Amino acid sequence: MNAKKTFKLWMLGFCGIATLAVTPVFESTPAFAHGERSQEPFLRMRTVNWYDTEWVGKSTAINDVTYLRGKFHLSEDWPRAVVKPNRTFLNIGSPSSVFVRLSSKINGTPMFVSGPMEIGRDYAYEVTLKARLPGHHHIHPMFAVKDAGPIAGPGGWMDITGNAADFKNEIKTLTGETFDSETKGTATGVMWHLFWAAVAIAWVGFFAIRPMYLIRARVLAAYGDEILLDPIDRKVGIFFLVFTVTVVTVGYLSADAQYPVTVPLQAGEAKIKPMPIKPNPLVMEVTHAEYDVPGRALRMVVHATNNGTVPVTIGEFTTAGIRFTNKAGAAKLDPNYPAELVAASGLTMDNEAAIQPGQTVDIKIESKDVLWEVQRLVDILHDPDQRFAGLIMSYTDSGERLVNPVWAPVLPVFTRLGA
Ligand SMILES: [Cu+2]
């Protein structure tokens with residue numbers, strides 16, 4: 001008995017220590033409640049290449065309007081495992097409805113319904129947001145692809161100040177009626193939910209007590225269903241049928257009489273023209289790429305030709321909303337871009353010189369930062385399809401930006417090779 005007790009105590013103590021040992025050390029980095037980092041890296045790197053993302057209102061008062069805007073390129077390296085963007089919708093990823101989305105426009109076209117987009121092309125979007133719930137919120141642009149799911153873009157913090165109770169979303173209908181869409185119809189909605197719940201409980205309850213399920217099941221198994229039904233059951237059944245059909249009909253007719261002019265829910269398709277292809281004199285191709293696991297660096301060899309008339313300098317490599325820049329690229333960084341997504345001196349090249357007009361070069365570009373691990377992009381090495389895609393940004397002396405999509409298979413390396 002005693003030995004057993006001692007063992008029990010020892011076991012309890014052991015479990016306690018074991019629990020403590022595996023409890024992770026408290027992290028002081030900002031909390032990301034969306035789980036955006038757990039989205040597969042092939043989805044984040046090889047579908048939508050986000051750039052120029054702008055969280056316009058760093059702080060917005062309740063009821064005020066702000067914007068989330070930016071551009072994206074649909075990667076030529078779209079994974080085979082992901083459904084093609086034949087039906088897409090631009091949305092916002094946020095912790096609950098902290099903003100009301102008043103409109104989404106892609107290339108200036110309102111996108112209140114979904115539609116197809118073209119792989120290999122670029123789109124500019126602007127989402128108009130009205131502040132609804134106060135707080136410090138992490139907001140992402142989000143690209144939903146039918147049968148593939150939502151693909152989150154980079155997240156930035158947006159603050160909303162004020163009092164939630166002051167929120168109003170007044171809408172003027174086409175018939176001239178004005179109402180607050182926050183509260184409109186709430187009582188009717190609650191009433192119908194309670195009503196049908198009560199009807200359902202009465203229906204199930206009636207049969208549940210005449211007799212209880214278990215007895216009923218045994219009688220059913222032994223003698224069939226005929227003796228389980230008595231005339232009252234049939235009468236009650238007919239009553240519920242007539243009652244339900246009457247309530248639905250009367251409800252429908254009275255709602256129709258109250259709101260004679262309605263617009264059906266839009267179920268068409270948005271036909272969005274991609275942004276015009278900007279002539280790009282810089283031609284680029286990745287001829288080799290490897291990921292240095294201990295060094296946390298993606299290295300690629302880029303075969304580039306400058307067919308233009310002015311020298312071009314590479315400044316940035318961006319993928320999954322994460323930006324690796326050198327000096328030239330850092331100078332062009334929007335200071336409002338979330339610092340936790342920028343590796344400001346993460347981009348190095350074996351040849352920093354500008355690519356001269358007419359010149360063809362093979363440049364080794366290294367994007368090195370702990371962000372590969374922190375953002376869990378290194379997980380591509382566990383995929384059966386080890387590839388990356390992203391955008392390389394280059395600049396001419398006059399400040400013109402050239403965007404080159406790149407993609408390639410990635411070879412993992414575990415030792416440092418001479419760079
Ligand atoms: Cu987030």
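Residues numbered from 1 in each chain as written. Predicted model: local features only at pLDDT ≥ 70, side-chain atom pairs only at ≥ 80, totals over all residues. Heavy atoms only, no water.

> Help me understand helix 3 (residues 186–208), please; the structure alone is not making it clear to me.
Helical geometry: 3.6 residues make up each α-helical turn, so side chains three or four residues apart lie on a common side. With 23 residues, helix 3 should reach 33 Å at 1.5 Å per residue; the first-to-last C-alpha distance of 32 Å fits that figure. Among all positions in helix 3, only Val199, Phe206, Phe207 and Ala208 are buried. Looking at the buried positions of helix 3, the neighbouring elements they touch are helix 4 (213–223) and helix 5 (231–258). (Helix = DSSP H or I, 4+ residues; strand = E, 2+ residues; numbered from the N terminus. Expected span 1.5 Å × (residues − 1). Buried < 20%, exposed > 50% of the residue type's maximum accessible area, 1.4 Å probe, protein only. Contact = heavy atoms within 4.5 Å.)

> Teacher, can you tell me more about the environment of Thr175 here?
Here Thr175 shows up in the loop between strand 11 (170–172) and strand 12 (178–180). What makes Thr175 exposed here is its relative accessible area of 54%. Each C-alpha atom, one on Thr175 and one on Pro335, is 46 Å from the other, the two residues being 160 residues apart in sequence. Among the polar contacts listed, one links the side chain of Thr175 to the side chain of Thr173, at a separation of 3.0 Å. (Polar contact = N/O pair within 3.5 Å; in protein donor to acceptor, adjacent residues only side chain to side chain.)

> Explain helix 4 here, please?
Sparse coverage of helix 4 is indicated by the burial of one of its 11 residues. Two residues or fewer after helix 4 comes Gly224, characterised by a positive phi angle close to 90°.

> Looking at this model, I keep getting lost on the confidence of the model for the protein. Mind explaining?
Any region with low pLDDT has predicted coordinates that should not be read closely. Considering every residue of the protein, the mean pLDDT works out to 88; 91% of them sit at 70 or more. For the stretch residues 14–30, pLDDT sits under 50, and the model shows one contact to residues farther than four places along the chain or on other chains. (pLDDT = per-residue confidence, 0-100.)

> Would you explain the domain arrangement of the protein in this entry?
When the parts come together, some accessible area is lost, and that loss is often what is quoted as the size of the interface. Taken domain by domain, the protein holds domain 1 (36–167), domain 2 (186–258) and domain 3 (282–413). Placing a centre on the C-alpha atoms of domain 1 and another on those of domain 3 gives a separation of 24 Å. By the criterion of area lost to domain 3, the three top residues of domain 1 are Arg37, Arg44 and Met45, representing 28% of everything that side buries. Linking domain 1 with domain 3 are three salt bridges, by the criterion used here. Salt-bridge contacts for Asp77 lead to Arg387; the nearest nitrogen and oxygen are separated by 2.9 Å. At the junction of domain 1 and domain 3, the tally comes to five residue pairs in polar contact (both at pLDDT 80 or more). Those elements that provide at least two residues to the side of domain 1 that touches domain 3 are helix 2 (41–46), strand 1 (48–55), strand 3 (65–74) and strand 10 (156–161). By residue number, the principal contributor to the side of domain 1 that touches domain 3 is strand 1, which donates seven residues. Partitioning the side of domain 1 that touches domain 3 into residue classes produces eight nonpolar, eight polar and nine charged. (Domains from an automatic or database assignment. Buried area = accessible area lost by both parts, 1.4 Å probe. Salt bridge = Lys/Arg side-chain N within 4 Å of Asp/Glu carboxyl O. Nonpolar A, V, L, I, M, F, W, Y, C, P; charged D, E, K, R; others polar.)

> Would you mind going over empty space enclosed by the protein with me for this structure?
Left-over empty space is what a probe sized like a water molecule reveals as it rolls over the atoms. Taken as a whole, this structure holds two cavities of 30 Å³ or more when the rule is applied. Empty space within the largest cavity amounts to approximately 140 Å³. Considering the residues around the largest cavity, the lining is formed by 14 residues, among which Glu36, Gly153, Pro154, Ala320 and Gln375 are closest to the centre. In terms of residue class, the lining of the largest cavity is built from six nonpolar, five polar and three charged. For the lining of the largest cavity, the two domains that each supply at least three residues are domain 1 (36–167) and domain 3 (282–413). Quantified by volume, the second largest cavity comes out at close to 50 Å³. (1 Å grid on protein atoms, 1.4 Å probe; cavity = no way out; pocket = protein on both sides within 12 Å on 5 of 7 lines; lining within 4 Å. Points joined across faces, edges and corners; volume = space filled by probe spheres on them.)

> Teacher, can you tell me more about the nonpolar core here?
One broad rule of soluble globular proteins: the nonpolar side chains tend to lie buried together. Ranked by internal contacts, the top residues of the largest apolar core, which has 73 residues, are Phe72, Met300, Phe317 and Phe388. Counting contributing residues, this core receives three or more from each of domain 1 (36–167) and domain 3 (282–413). Ignoring sequence-local partners within four residues, the contact set of Met300 consists of Val286, His288, Ala289, Phe317, Ile363, Lys364, Ile365, Ser367, Phe388 and Ile392. Counting residues in each nonpolar core, the second largest holds five residues, with Phe206, Phe207, Val236 and Phe240 among its members. (Core = buried A, V, L, I, M, F, W, Y, C linked by side-chain atoms within 4.5 Å.)

> Can you walk me through the sheet that holds strand 13 (residues 282–292) in this structure?
In a beta sheet, neighbouring strands are held together by backbone hydrogen bonds and run either parallel or antiparallel to one another. Within the open sheet, the five strands sit side by side as 18-19-14-13-22. Their pairing is mixed. Among the strands making up the open sheet, the edge pair consists of strand 18 (347–349) and strand 22 (411–413). Averaged over all pairs of adjacent strands, the angle between strand axes in this sheet comes to 30°, irrespective of strand direction. Pairing analysis gives 10 bridges linking strand 13 to strand 14 (residues 297–306), with the strands arranged antiparallel. Note on strand 14: the bridge partner recorded for Ala289 is Met300. (Pairing = 2+ DSSP bridges. Axes fitted to C-alpha atoms, helices over the stretch in contact; angles between N-to-C directions.)

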